[in-house]
Amino acid sequence: MSQAKPLGGTIFTPFFIAMMVVFAIGMYFLGVRFMNGIGAVANINGGYPWGIWVVYDVVIGTALACGGYALAITIYLFNKGQYHPLMRAALLASLLGYALGGVGAFIDMGRYWQFYHLMMPKHMNFNSVMLEVGLCVATYILVLIIEFAPAFLERIGAKGLLKALDKVLFLFIAIGILLPTMHQSSLGSFLVAMGYKISPLWQSLYMQPVLALLTALCMGFSIVIFEASMSKAAFDLDDETHLLSKIGKIIVGLLTAYLVVRFGEIIVHGKFGLIFTSGKNSVLFILETALFVIPLVILTSEKKRNNPSTLLWAAVSMLFAGSLYRFNAFLLTYNPGPGYSYFPSVGEIMVTLGIIAFEVMTYIVLVKTLPVLHKPKHA
Amino acid sequence: MMDRRSFLKTATLGTAAACVSTVAEARPNLEPSPEAVGMLYDSTLCVGCKACVSACKETNSMDPVIHGGNFQYDSAMDLSSDTLNVIKVYSNGTAEVKDSETDGFAFEKRSCMHCVDPGCVSVCPVTAMRKDPLTGIVTHHADACIGCRTCMGGCPYNVPQFEYDEAFGRIQKCQMCNQEGVERISKGGMTACAEVCPTGATLFGPRTQLLEEAKRRMTLKEGDTYNYPRGDISKPDSYHEKDLEANYHNHVWGEKEAGGTNVMHISAIPFDKLGMPPLEDRSYASMSETLQHTLYKGMALPAVALAGLTYMVKRNKDKDGEE
Ligand code: SF4
Ligand code: SF4
Ligand code: SF4
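Anyway, here's the lowdown on the structure attached to this text.

Reading the values: rules and limits
- Residues numbered from 1 in each chain as written.
- Chains lettered and ligands numbered in written order.
- Predicted model: local features only at pLDDT ≥ 70, side-chain atom pairs only at ≥ 80, totals over all residues.
- Heavy atoms only, no water.
- Salt bridge = Lys/Arg side-chain N within 4 Å of Asp/Glu carboxyl O.
- Helix = DSSP H or I, 4+ residues; strand = E, 2+ residues; numbered from the N terminus.
- Buried < 20%, exposed > 50% of the residue type's maximum accessible area, 1.4 Å probe, protein only.
- Phe/Tyr/Trp six-rings, centres within 6.5 Å; stacked < 30°, edge-to-face > 60°.
- Contact = heavy atoms within 4.5 Å.
- Buried area = accessible area lost by both parts, 1.4 Å probe.
- Polar contact = N/O pair within 3.5 Å; in protein donor to acceptor, adjacent residues only side chain to side chain.
- Nonpolar A, V, L, I, M, F, W, Y, C, P; charged D, E, K, R; others polar.

**Some remarks on the pattern of salt bridges**
The tally for this structure, following the rule as stated, stands at 16 salt bridges over all chains. Between R262 of chain A and E288 of chain A there is a salt bridge; the shortest N-O distance is 3.2 Å. Here R262 of chain A is found in helix 8 (residues 241-268), whereas its partner E288 of chain A is found in helix 10 (residues 280-300), with 26 residues between them in sequence. R217 of chain B is the partner of E213 of chain B in a salt bridge, and the nearest nitrogen-oxygen pair spans 3.0 Å. Here E213 of chain B and its partner R217 of chain B are both found in helix 6 (residues 207-218), four residues apart, which amounts to about one turn of the helix. The burial state of E213 of chain B is the same as that of R217 of chain B; both residues are buried. Each of D42, E213, R216 and R217 of chain B takes part in a single network of salt bridges with overlapping partners.

Set out below in structure tokens:
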């Protein structure tokens, strides 16, 4: 049994109420979307079929939800049991992030009432990256629910069930490592089929899966640092910096690998000059690269890594880097040809913010009522 | 130190595996079906009357798009969920001379190209885009479609269009007048746009014959007289003689681009000026499928990975003895 405890305390804090307001506004626009069609809310069009509902909610949202995945690799593949105290919170955040990514995909689906066709063999197209991502993400959400179930079972005191689940949990943990490896890399493969519409600085016909996976892992580890730091501040928990700084070290390795592949690809394909000659895209590329390099510089220094505040800054920069990388590739430099442009509408942004607000509210309610976080010893 | 080194190792191994296997198993472009049907659009013959736009709407039961006070003609500017076929205008400088790149103008038809190796078919998760193995016609099946719009991103020509303004919208695209309920080609007929074209600028027929015809026209010179067929090239309704006013630009669009298309274009002006996308010979579908199948060939790689993962997780979990 874990040492995690429900935090207790009031749920309806002013912050929580503010989140409820954001959520309500988002729901209003969502209602309009279902009554009058996607076009009544979102600015997507004939040239830009995917807006922020896909690119933020699904492509970026699930990468930000890779904390559970990243920690599972560390704990179970590299046998670092000392990270256990961080696991439940990371799993919960992953579950919420993925579940809401699923919701985002659903509301964006033009013919959502037929979504189950994805699961019917007679409809499946095995050449399609979208099929793999859809199925993989859906299965992973179920796996995350099972992985998080012990927290709930402990709360209701279902000891027998808890024991039985513990016997088979290893299998779900293994699947829970395989699935994100598959779909997080495939989110990069999407770009290949879009061909010339993806700017050359972000297009790579073979390296997309590797780039997507490495950045997803970096984002996963960074979100663990971010969440732990935030929870510590918000709920006055024990200091976990000794664990978090080690995670910082892992990020250094992954980030180095990423930058080598990223720039290697650009140089090998003779695209280096484009970094400086692509106008708006050059600015975005340099900004993106800077955001990747900042955490590398901070985390390489042992002293900065052990300082909670610089460590947090590194994690935040990494999260922005990975998100901007995805925004750049899928939207900001996406070019379907003359005559098309896209900028999200207020309603579109509010729906996404509403989803995020829901995620935050659920997280708060669950950590206060279920054994997720480690309560301070001095309390 | 241990974590970083092992992570780097894993990352490098994964990268190497991805590269090596990808190169080994490339899926080539699909080949045109010998019996494929298509169209040849000759921009130099087009007079911009838009008879094809109206005929297309009528055949597909779609409303005209009206701009400003112009109620005479359909004035759709681009493809949309109400417009499967559109005539666009290139113009430069004074726009006085037809088919001249400088100070001239030219027409360009936009409709589904019926790709030989279609991106839309490759990316659709639920097989709602289908290519007929014989005729090569690419049809859409809304009863299967989930509306994810991946086909729109995967089409190099931005052809599939979603009905964003409907609560229960669908994808629309040209299906070469052969969707269920219309089936002009299956019934032995030709496309509506080719049938009504007064000059034979839009010509229907077998891809092989159309390609021969296109190449024949490439050999003509300004001033030559040529007898242009109208309708279906395998059984033309009529011919008309015309003197060439401009040299053809020596390029049959769709012979090779991204694996080729069954709807081909020729013109006197380079195609990038007419808004055609920057495509190379290899289809994106073939590249994406090569990548996907290398990684997931018969799910063997994931299965092996899962076995290894399960073993390691079990071992490390037992050793841990908690949670
Ligand atoms: S032009 Fe686009 S919609 Fe038409 S077959 Fe090719 S990929 Fe599909
Ligand atoms: S929108 Fe429909 S046809 Fe297009 S890819 Fe998605 S499911 Fe297939
Ligand atoms: S083939 Fe039929 S559907 Fe396609 S553009 Fe011509 S008339 Fe329209």
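**Comments concerning the packing of aromatic side chains**
Residues and elements named next belong to chain A. Going through the model one piece at a time under the given rule, you end up with 25 aromatic pairs over all chains. Ring geometry for Y98 and Y140: centres 4.7 Å apart, planes at 85°, overall edge-to-face. Here Y98 is found in helix 4 (residues 84-108), whereas its partner Y140 is found in helix 5 (residues 129-156), with 42 residues between them in sequence. On the accessibility criterion, Y98 (0% relative accessible area) is buried.

**Comments concerning the interface of chain A and chain B**
A common measure of how large an interface is: the accessible area buried when the components associate. Between chain A and chain B, the contact holds 82 residues from the first and 73 residues from the second. Summing both partners gives a buried area of about 6,700 Å² for chain A against chain B, and 61% of it is carried by carbon and sulfur. Per-residue buried area on chain A facing chain B is highest for R111, Y196 and Y206 of chain A; these three make up 11% of the total on that side. Where chain A meets chain B, there are two salt bridges. A salt bridge links K317 of chain B to D166 of chain A; the nearest nitrogen and oxygen atoms lie 3.2 Å apart. Summed over the shared surface of chain A and chain B, the result is 33 residue pairs in polar contact (both at pLDDT 80 or more). If you list the elements that add at least two residues to the side of chain A that touches chain B, you get helix 1 (14-36), helix 3 (67-77), helix 4, helix 5, helix 6 (159-193), helix 7 (208-235) and helix 8 of chain A. No other element matches the 16 residues that helix 6 of chain A contributes to the side of chain A that touches chain B. Residue composition of the side of chain A that touches chain B, grouped by class: 52 nonpolar, 22 polar and eight charged.

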